[in-house]
Number of protein chains: 2
Amino acid sequence: MTPFLTELTAALGEKVSLNEAVRDHHGHDMSRLPAHRPDAVVFATGEADVVAAVTICATHGVPVVAVGAGSSMEGHTIPVKGGISLDLKGMNRILAVNDADFDAVVEAGVTRKQLNEYLRDRGLMFTVDPGADASLGGMASTRASGTTAVRYGTMRETVIALRVVTASGAVVETGRRVKKSSTGYDLTKLFVGAEGTLGIITEVTVKLHPIPEVTASAICAFATMEGAVQTVVETLQSALPVARIEFLDEVAVQAANAHAGLGLTVAPTLFLEFHGSERWVAEQSEAVRALALDNGGADFAWSTRPEDRARLWKARHETIYSNQSLRPGCKTYTTDVCVPVSRLAEAVLEARREADTAPFPVKIIGHVGDGNFHVGYLIMPGDEGEYAIADALAERLYQRTMDMGGTFSGEHGVGVSKLKYLRREHGGGVDLMKAIKAALDPQGIMNPGKLGQEG
Amino acid sequence: MTPFLTELTAALGEKVSLNEAVRDHHGHDMSRLPAHRPDAVVFATGEADVVAAVTICATHGVPVVAVGAGSSMEGHTIPVKGGISLDLKGMNRILAVNDADFDAVVEAGVTRKQLNEYLRDRGLMFTVDPGADASLGGMASTRASGTTAVRYGTMRETVIALRVVTASGAVVETGRRVKKSSTGYDLTKLFVGAEGTLGIITEVTVKLHPIPEVTASAICAFATMEGAVQTVVETLQSALPVARIEFLDEVAVQAANAHAGLGLTVAPTLFLEFHGSERWVAEQSEAVRALALDNGGADFAWSTRPEDRARLWKARHETIYSNQSLRPGCKTYTTDVCVPVSRLAEAVLEARREADTAPFPVKIIGHVGDGNFHVGYLIMPGDEGEYAIADALAERLYQRTMDMGGTFSGEHGVGVSKLKYLRREHGGGVDLMKAIKAALDPQGIMNPGKLGQEG
């Protein structure tokens, strides 16, 4: 045992694991990136554990990498420089729900499904929905979003305040539980999306919304991809507050059919959802339906029963698993781009055109109401040739996105392998990021090898 | 001439003014704070001027204080440590309006009325409305909001991206023109609300909204203050998307009547506005009307004609000028607090109770949908006794607000004299702010004596 591990174990006892299988498990995430085993795993059950672990790491200059549900797609939680994996899954208490203020205060390890389960009887909901049952601390750190961001915003708009443990082990509250404030630098927004490189989030205060009186889901198949995307653009331009507007290309519809037995027409398709009063939902959906019909859409297929709606959105969320049905044994190389809505049609069509040159299936799905879509390359694990082709396609996709004024991540984050794009997108902004990183984490122990450094 | 002024004048020629009257004019703002004359005023007409001025200031270690419309209420633009006042009013070009993406790119000196005038024919609007015809750069720097934030958000939600000149004279774009991104620290939100202490904003990209099909304004007088506030709380809890919901207490209504001849019943009053389709506005306003009637409200008095609406909101915005009619010759000592909505009734009632002990008129108005209200003390300039009483009342108001989990500024910002509250509200967060300030402005030349320092 090194002096570091001796001190860590003395302070945190059985919460520290040096077990190889446990360490291996904490060495990877959902991505295709190479694993890297941490020196130890600390299972924190409260903020005091986080403070103790970070303080000891700071004394010894050892890296700390926080992990929640482990659903990162970009290697955020892989301890690429070793050190400890600080597992926050045990910090899963819901600390307060303030019905009158529409907010909740939770420990970082609480997952979105857990919170929504808890809230249901109170008529409230937490709206950010990335598909995976991610932890709120992780979602905050990744600035996550998902299907409902078009209506309710991403974690950027949803996180009201945070408690964080800084690189020196201090506990800081980044803001108050108020709807607005003009007092000082926006520390909350600085930690949202910082990917654990500036401090460890231990508590998250989030905005809630009332469960709408009426929720109506519809599916609409289109003759062309252009028609589907154009419908999205026109819907946004009409300022209709759709709650969800998701695009699936033909390949994605095939996969969803095979995986979930949806029996959908194989065509470019929109999944839509409307929230509001009965009259207001009727008004919104009528307006969108008219736009769709004008753009070569078939009539809406409605899912009004909750169980049908659940099946529909489950199928959408599980698109990544459904890829097995298209190409058994494959792994999905997922990308994540976001462009101004005015460039969406061009961006999606160009991506599809290029995808058709690939020797493996490629599918496109997207939170198109935000201008955000994912091109997924279904490649065989270990096939270096396919991997290289996918890499080249992704590289061109990202560059084209940035050339259109877009961003190389709408919601998955930067993580490890996309760090190389940071300067291409942010230019001299990267120098400010590095200065902030150096100021708040002078030893460079908070999730090193990630944001705040050059790629 | 000092070597600094020689170099500045050589580089910027007639854009530099050393004239005493000009310097005096730039030494104060809308607040009651002591003026401080800058050493020179630079009238920038483009980003290159800002870069030149900041670079020369950096070389000589001279402070730079940017100023737009000069409508700060908290001394933000007073050059308390001397140096130059960098006047951006001449940077007033609207650079792009992207109808399809609902955004606009403007120079920092463009004012909100100028932008809305420009947008009107395109059916679009810029929604942040602090009353004063502030510049967008200034509004971004103060994280301003106003009457419509309850529906459309503050500058925090409205600013998409910025161009800034850093303390070393580098030009940085803080983000892309996309609806969301997960790539790196949120530099945009860091500069929003930084009050010019981390860099100078030269360009602002803001979110726009479509001008609603129908806009309907209503006034509702209440038997009690409790009834008015309770109506606000219940409206928010019903998730009704009111576009404006403003509170005026009896004293404020008297002032508005005297100033603008509104002829309103002297009672605690709500000014409301609804935006949407005809049916949707009818549905919203019916629901709020029912809540108001249940809480002792009189029936709604509607203003459907645009000119009546304009008169109404002009009266609301001019409440600060209308104070003259209550107490001729007075100056208004304005405060700005924001509490969680659940504490709003208690906070407003307590403020009114305490105000009634004052030997001068005190009025309360507020953007109550955000939990934000202003207590205004109408004191005589030069009366040190009244000033001291107002100071003590404000101190108690701010402390009580923070004790309720609120913030000592909802929208006016920190500026000079409220810097002393920063640690009371943010605790150790102030240490992070100071570290960020030191990292991005190591010489301390960007608006010194303000945020990023202790009070």
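How each quantity is defined
- Residues numbered from 1 in each chain as written.
- Chains lettered and ligands numbered in written order.
- Predicted model: local features only at pLDDT ≥ 70, side-chain atom pairs only at ≥ 80, totals over all residues.
- Heavy atoms only, no water.
- Helix = DSSP H or I, 4+ residues; strand = E, 2+ residues; numbered from the N terminus.
- Rg over C-alpha atoms; globule rule 2.2 N^0.38 Å.
- Buried < 20%, exposed > 50% of the residue type's maximum accessible area, 1.4 Å probe, protein only.
- Contact = heavy atoms within 4.5 Å.
- Arc of directions from axis to C-beta.
- Least-squares fit on C-alpha atoms with pLDDT ≥ 70 in both.
- Salt bridge = Lys/Arg side-chain N within 4 Å of Asp/Glu carboxyl O.
- Buried area = accessible area lost by both parts, 1.4 Å probe.
- Axes fitted to C-alpha atoms, helices over the stretch in contact; angles between N-to-C directions.
- Parallel < 35°, antiparallel > 145°, perpendicular 65-115°, else oblique.
- Left-handed = near helix turned anticlockwise from the far one by under 90°.
- Nonpolar A, V, L, I, M, F, W, Y, C, P; charged D, E, K, R; others polar.
- Domains from an automatic or database assignment.
- Pairing = 2+ DSSP bridges.
- Phe/Tyr/Trp six-rings, centres within 6.5 Å; stacked < 30°, edge-to-face > 60°.
- 1 Å grid on protein atoms, 1.4 Å probe; cavity = no way out; pocket = protein on both sides within 12 Å on 5 of 7 lines; lining within 4 Å.
- Points joined across faces, edges and corners; volume = space filled by probe spheres on them.

### Notes on the overall build of chain A
Consideration 1: Within chain A, the secondary structure is distributed over 17 helices and 19 strands.
Consideration 2: Relative to the compact-globule value of 23 Å for 455 residues, chain A shows a C-alpha radius of gyration of 22 Å, a close match.
Consideration 3: C-alpha atoms of chain A, sized along the principal axes, occupy 70 × 55 × 40 Å.
Consideration 4: Across the 455 residues of chain A, 62% fall into the buried class.
Consideration 5: Counting only contacts in chain A whose residues sit at least 6 apart along the sequence, the fraction spanning at least 24 positions is 71%.

### Things to note about helix 13 (residues 319-326) of chain B
Residues and elements named next belong to chain B.
Consideration 1: Of all the residues in helix 13, the buried ones are Thr319, Ser322 and Asn323. One side of helix 13 holds all its buried residues, which, seen down the axis, span an arc of 125°.
Consideration 2: Against strand 13 (244-248), helix 10 (250-260), helix 12 (306-317), strand 16 (331-334), strand 18 (362-367) and strand 19 (372-379) lie the buried residues of helix 13.

### Side note on the relation of the copies chain B and chain A
Consideration 1: Under the fitted operation, chain B is carried onto chain A by 0.0 Å of movement along the axis and a turn of 180°, and the coordinates agree to an RMSD of 0.0 Å. These values place the two chain copies in the arrangement generated by a two-fold rotation axis.
Consideration 2: Comparing interface residues between copies, 100% of those in chain B also lie at the interface in chain A; the contact surface is shared.

### Some remarks on the pattern of salt bridges
Residue and element names in this part refer to chain A.
Consideration 1: This model, assessed by the stated rule, comprises 72 salt bridges over all chains.
Consideration 2: Close ionic contact of Glu354 with Arg396 constitutes a salt bridge, the shortest N to O distance being 2.8 Å. Linking Glu354 in helix 14 (residues 344-355) with Arg396 in helix 15 (residues 384-403), this pair joins segments that are 42 residues apart in sequence.
Consideration 3: Owing to a relative accessible area of 41%, Arg396 belongs among the partly exposed residues under this scheme.
Consideration 4: Here the salt bridges share partners, and the residues they tie into one network are Glu47, Arg163, Glu173 and Glu203.

### Looking at the interface of chain B and chain A
Consideration 1: Contacts between the two partners involve 77 residues from chain B and, on the opposite side, 77 residues from chain A.
Consideration 2: When residues of chain B are sorted by the area they lose upon contact with chain A, Arg176, Lys180 and Tyr185 of chain B head the list and together hold 16% of the total.
Consideration 3: Where chain B touches chain A, the interface holds six salt bridges.
Consideration 4: The partner of Glu283 of chain B in a salt bridge is Arg279 of chain A, with the nearest N and O atoms 3.5 Å apart.
Consideration 5: Only strand 9 (171-173), helix 8 (187-191), helix 9 (225-237), helix 11 (278-294), helix 16 (422-426) and helix 17 (429-440) of chain B provide two or more residues apiece to the side of chain B that touches chain A.
Consideration 6: Broken down by element, the side of chain B that touches chain A gets its largest block of residues, eight residues, from helix 17 of chain B.

### Re the packing of helix 17 (residues 429-440) of chain A against helix 17 of chain B
Consideration 1: Two elements in contact, helix 17 of chain A and helix 17 of chain B, have axes separated by 9 Å at closest approach and are oriented at 135°. Taken together, the axes of helix 17 of chain A and helix 17 of chain B are oblique relative to one another. Note on packing geometry: the crossing formed by helix 17 of chain A with helix 17 of chain B is right-handed. For the pair helix 17 of chain A and helix 17 of chain B, contact is made by Leu432, Ala435, Ile436, Ala439 and Leu440 of chain A and by Leu432, Ala435, Ile436, Ala439 and Leu440 of chain B, respectively.

### A look at the packing of helix 9 (residues 225-237) of chain A against helix 11 (residues 278-294) of chain A
Residue and element names in this part refer to chain A.
Consideration 1: The interhelical angle for the contact between helix 9 and helix 11, taken along N-to-C directions, is 145°, at an axis separation of 9 Å. In this structure, helix 9 meets helix 11 at a crossing whose hand is right-handed. Only Val288, Leu291 and Ala292 of helix 11 make contact with helix 9, whose side of the interface consists of Thr231, Glu234 and Thr235.
Consideration 2: Among the residues making up the contact of helix 9 with helix 11, the classes are represented as three nonpolar, two polar and one charged.

### What about the side chain of His412 of chain A?
Consideration 1: Looking at where His412 of chain A falls in the secondary structure, it is placed in the loop between helix 15 and helix 16 (422-426).
Consideration 2: With sequence-adjacent residues up to four places away left out, His412 of chain A is seen in contact with Met73, Glu74, His76, Thr142, Thr334, Thr335, Asp336 and His374 of chain A together with Ser182 of chain B.

### Considering the domain arrangement of chain A
Residue and element names in this part refer to chain A.
Consideration 1: Assigned domains within chain A: domain 1 (3-87), domain 2 (94-210), domain 3 (214-403) and domain 4 (418-455).
Consideration 2: If you look at the interface, domain 2 gives eleven residues, while domain 3 gives 13 residues.
Consideration 3: Contact with domain 3 buries area across many residues of domain 2, yet Thr147, Val150 and Arg151 alone supply 60% of it, more than any other trio.
Consideration 4: Where domain 2 meets domain 3, there are one salt bridge.
Consideration 5: Taking the shortest distance from any N to any O, the salt bridge between Arg244 and Asp129 comes out at 2.7 Å.

### Some words on the pairing of strand 19 (residues 372-379) of chain A
Residue and element names in this part refer to chain A.
Consideration 1: Counting buried positions along strand 19 yields eight of eight residues, so the element is predominantly enclosed.
Consideration 2: Residues Asn372, His374, Gly376 and Leu378 of strand 19 are buried on one face, and the alternating residues Phe373, Val375, Tyr377 and Ile379, pointing to the opposite face, are buried as well.
Consideration 3: Where strand 16 (residues 331-334) and strand 19 come together, four bridges link them in antiparallel fashion. Opposite Tyr333, over in strand 19, you have Tyr377 as the bridge partner.
Consideration 4: Pairing analysis gives two bridges linking strand 17 (residues 337-338) to strand 19, with the strands arranged antiparallel. Looking at strand 19, one finds that Val337 is bridged to Phe373.
Consideration 5: When strand 18 (residues 362-367) meets strand 19, the two strands line up antiparallel, connected through six bridges. Paired with Gly366 across the bridge in strand 19 is Phe373.
Consideration 6: Here strand 18 folds back onto strand 19 in antiparallel fashion, the turn holding four residues, of which Gly371 has a positive phi close to 80°.

### Considering the packing of aromatic side chains
Consideration 1: Inspection of the entire model under this criterion finds 17 aromatic pairs over all chains.
Consideration 2: Ring geometry for Tyr398 of chain B and Tyr421 of chain B: centres 5.0 Å apart, planes at 45°, overall tilted. You can see Tyr398 of chain B sitting in helix 15 (residues 384-403) and its partner Tyr421 of chain B sitting in the loop between helix 15 and helix 16, a full 23 residues away along the chain. No difference in accessibility class separates Tyr398 of chain B from Tyr421 of chain B, as the two residues are buried.
Consideration 3: Feature note: the residues Tyr333, Phe360, Tyr377 and Tyr387 of chain A constitute an aromatic cluster, connected by ring pairs.

### Side note on empty space enclosed by the protein
Consideration 1: Summed over all chains, the structure comprises four cavities of 30 Å³ or more.
Consideration 2: Roughly 190 Å³ of internal volume is contained in the largest cavity.
Consideration 3: Taken together, 17 residues make up the lining of the largest cavity; nearest its centre are Arg156 of chain A together with Gly175, Ser181, Asp186 and Thr188 of chain B.
Consideration 4: Considered class by class, the residues forming the lining of the largest cavity number four nonpolar, seven polar and six charged.

### Regarding the sheet that holds strand 9 (residues 171-173) of chain A
Residue and element names in this part refer to chain A.
Consideration 1: Strands sit in the order 5-6-10-8-9 across an open sheet of five strands; the sheet is antiparallel. Unpaired on one side and paired on the other, strand 5 (94-98) and strand 9 mark the two borders of the sheet. Sheet twist, expressed as the average angle between the axes of neighbouring strands with direction ignored, equals 15°.
Consideration 2: Where strand 5 and strand 6 (residues 103-107) come together, four bridges link them in antiparallel fashion. Counterpart to Ile94 in the pairing with strand 6 is Val106.

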